[in-house]
Amino acid sequence: MSTFIVQRALALAAFSPAVLAQGPVFQTPGMTSVPSNYSVPGSSNDSGQANRFSNVFNPAFSFVVDSLVDSIHNSGASEDGERIELRSLEFAAQSWVDPSAWAYFVAVADEENVAIEEAAVHYTGLGGNHTLRAGRFFIDFGKQMQTHVHELRTIRRPLALRTFLGDEVKGDGLQWDSWTSVSDETAVRWSIGAFSNLLPESVKDIDPETQAAQSIADRKHAEDFNFTARLTAFTDVGQNGVLQLGTSARVLPRFAYTFEPSGDAAEDLDNTVFGLDATYGWSDDSGLKSWTFGGEYVLDTGDTYSTIGDAGTPGDPTDDSVDVISDELNGFYIFADYAWDKSNSVGLQYSQVESPEAGTPDVSETEAYYTHLFSEFHRLRVAASGQNREDGEDSTRFAIQYTVFVGAHGHGVNW
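Residues numbered from 1 in each chain as written. Predicted model: local features only at pLDDT ≥ 70, side-chain atom pairs only at ≥ 80, totals over all residues. Heavy atoms only, no water.

Draft legend 1. Spotlight on unusual backbone geometry. Positive phi, normally seen in glycine, also occurs at D268, with a value near 55°. Inspection of the secondary structure assignment puts D268 in strand β11 (residues 265-283). (Helix = DSSP H or I, 4+ residues; strand = E, 2+ residues; numbered from the N terminus.)

Rendered as structure tokens:
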């Protein structure tokens with residue numbers, strides 16, 4: 001393990017630098033294991049890329065079927081009962097544009113609509129270990145926000161991330177990535193991104209009659225763009241362990257809350273979410289049995305949430321006002337995962353947050369799960385979870401997730 005960085009660097013040196021854009025350079029603890037069958041540029045006479053004198057075009061296509069059966073029992077007024085659903089159908093394509101650029105897109109269809117979740121180009125022509133990513137892609141925050149939901153260890157993202165960042169956060173923008181080896185045992189990576197809009201996906205699910213909607217101007221000054229940053233490092237621990245530490249930030253310098261029935265708005269607001277994460281992975285000498293422990297602390301600062309004030313006639317929302325709460329809310333999650341072979345693993349995750357909902361200061365969630373891989377392309381997961389709220393609205397959930405990968409599948413950097 002002490003020569004891991006050197007050995008990996010020598011192996012990569014035999015290939016084009018462009019290979020860095022398509023597959024993860026390192027396997028860090030806690031990374032999701034997803035199928036990938038990339039070919040190195042130049043390894044075949046057929047590059048897969050067309051020119052004006054050829055009709056050859058052969059990008060790598062893939063699709064993912066992610067289905068779910070679950071049963072929810074809720075002591076409050078929220079959803080309750082059983083459901084069978086095709087949670088998502090993901091279709092993706094990826095191809096080398098030239099030896100220094102790789103492009104991909106990901107379209108996802110659920111039961112209601114079709115959306116382009118990612119469409120980006122990775123450019124590695126700057127030399128060294130630098131990569132520029134341009135287009136639409138998930139934010140680089142911690143070790144879970146970059147991945148699609150079907151790639152997670154659990155059925156959903158941890159409660160702390162869902163509460164402060166949303167189920168998914170993607171944006172149209174530009175990101176610079178780079179990494180360097182500090183020693184034979186340690187590597188450091190950093191990224192900085194600028195985006196037009198990084199509001200969470202959950203803003204689409206609000207009730208406009210009772211809640212204020214967040215918005216960000218389409219055109220803005222450079223200092224009002226939305227930003228992300230991440231700094232992380234991992235190092236060998238003994239002969240069989242790897243420890244990774246990281247810190248992340250997502251910054252909204254200017255946004256607004258608007259209440260549709262009255263037209264009242266609160267503008268020139270700002271919000272920043274910080275994260276500190278740690279992950280430790282250990283495997284035995286055979287590489288079959290492994291333990292993974294991890295966690296992340298999340299801090300939500302600035303203008304964190306809004307409430308609606310009944311400024312006039314009771315029961316009439318057309319004259320109500322938006323009241324913005326500026327506060328610091330924190331949350332965290334921790335997990336432990338044990339795999340006794342390449343096909344079977346179990347895990348336990350606990351998350352807790354200070355809720356932005358008025359009257360609900362603390363919410364916690366516990367999830368236990370078992371994952372079976374029939375192959376790297378075929379997965380079954382069984383999970384049981386419970387959520388506890390101080391207002392007494394507790395819920396339990398039992399879920400079976402069935403996921404099939406077809407074709408080359410991957411979404412770039414995730415460490």
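Here the narrative resumes, following the displayed structure.
Draft legend 2. Highlighting the confidence of the model for the protein chain. Chain-level statistics for the protein chain give a pLDDT mean of 84 and a share of 83% at 70 or above. Here residues 1-25 scores under 50 on pLDDT; set against residues more than four positions off or in separate chains, the count is 56 contacts. Across residues 34-46 the pLDDT falls below 50, and counting only partners more than four positions away or on other chains, this stretch makes 22 contacts in the model. (pLDDT = per-residue confidence, 0-100. Contact = heavy atoms within 4.5 Å.)

Draft legend 3. Looking closely at a nonpolar patch on the surface. On the surface, F61, F63, L86, L89, F91 and V406 cluster together into a nonpolar patch covering about 490 Å² of accessible area. Those elements that place two or more of their residues in the nonpolar patch are β1 (60-74) and β2 (81-98). Ranked by the residues each element gives to the nonpolar patch, the list is headed by β2, at three residues. (Patch = residues over 30% accessible without salt bridge, like charges linked within 9 Å, V, L, I, M, F, W, Y side chains within 5 Å. Areas by Shrake-Rupley, 256 points an atom, 1.4 Å probe, with all protein chains shown as cover. Salt bridge = Lys/Arg side-chain N within 4 Å of Asp/Glu carboxyl O.)

Draft legend 4. The pattern of salt bridges, seen in detail. In this structure the tally under the stated criterion is twelve salt bridges. In this structure, R397 and D70 form a salt bridge, with 3.0 Å as the shortest nitrogen-oxygen distance. Linking R397 in strand β18 (residues 395-407) with D70 in strand β1, this pair joins segments that are 327 residues apart in sequence. Of the two residues, R397 and D70, both sit in the buried class. One salt bridge connects E168 with K170, and the closest N-O pair in it is separated by 3.9 Å. E168 sits in the buried class, given a relative accessible area of 12%. Connected through shared salt-bridge partners, D140, D177 and R189 make up one network. (Buried < 20%, exposed > 50% of the residue type's maximum accessible area, 1.4 Å probe, protein only.)

Draft legend 5. Highlighting the side chain of R250. Mapped onto the elements of the fold, R250 is located in strand β10 (residues 241-258). Buried within the structure, R250 lacks any salt-bridge partner; D300 is the closest side chain of opposite charge, at an N-O distance of 5.2 Å. A distance of 2.3 Å separates polar atoms of two side chains, one belonging to R250 and the other to N271. Aside from chain neighbours lying at most four places away, what touches R250 is I139, F141, F164, L165, L198, F227, T228, N271, T272 and V273. (Lys, Arg positive; Asp, Glu negative; His and termini not counted. Polar contact = N/O pair within 3.5 Å; in protein donor to acceptor, adjacent residues only side chain to side chain.)

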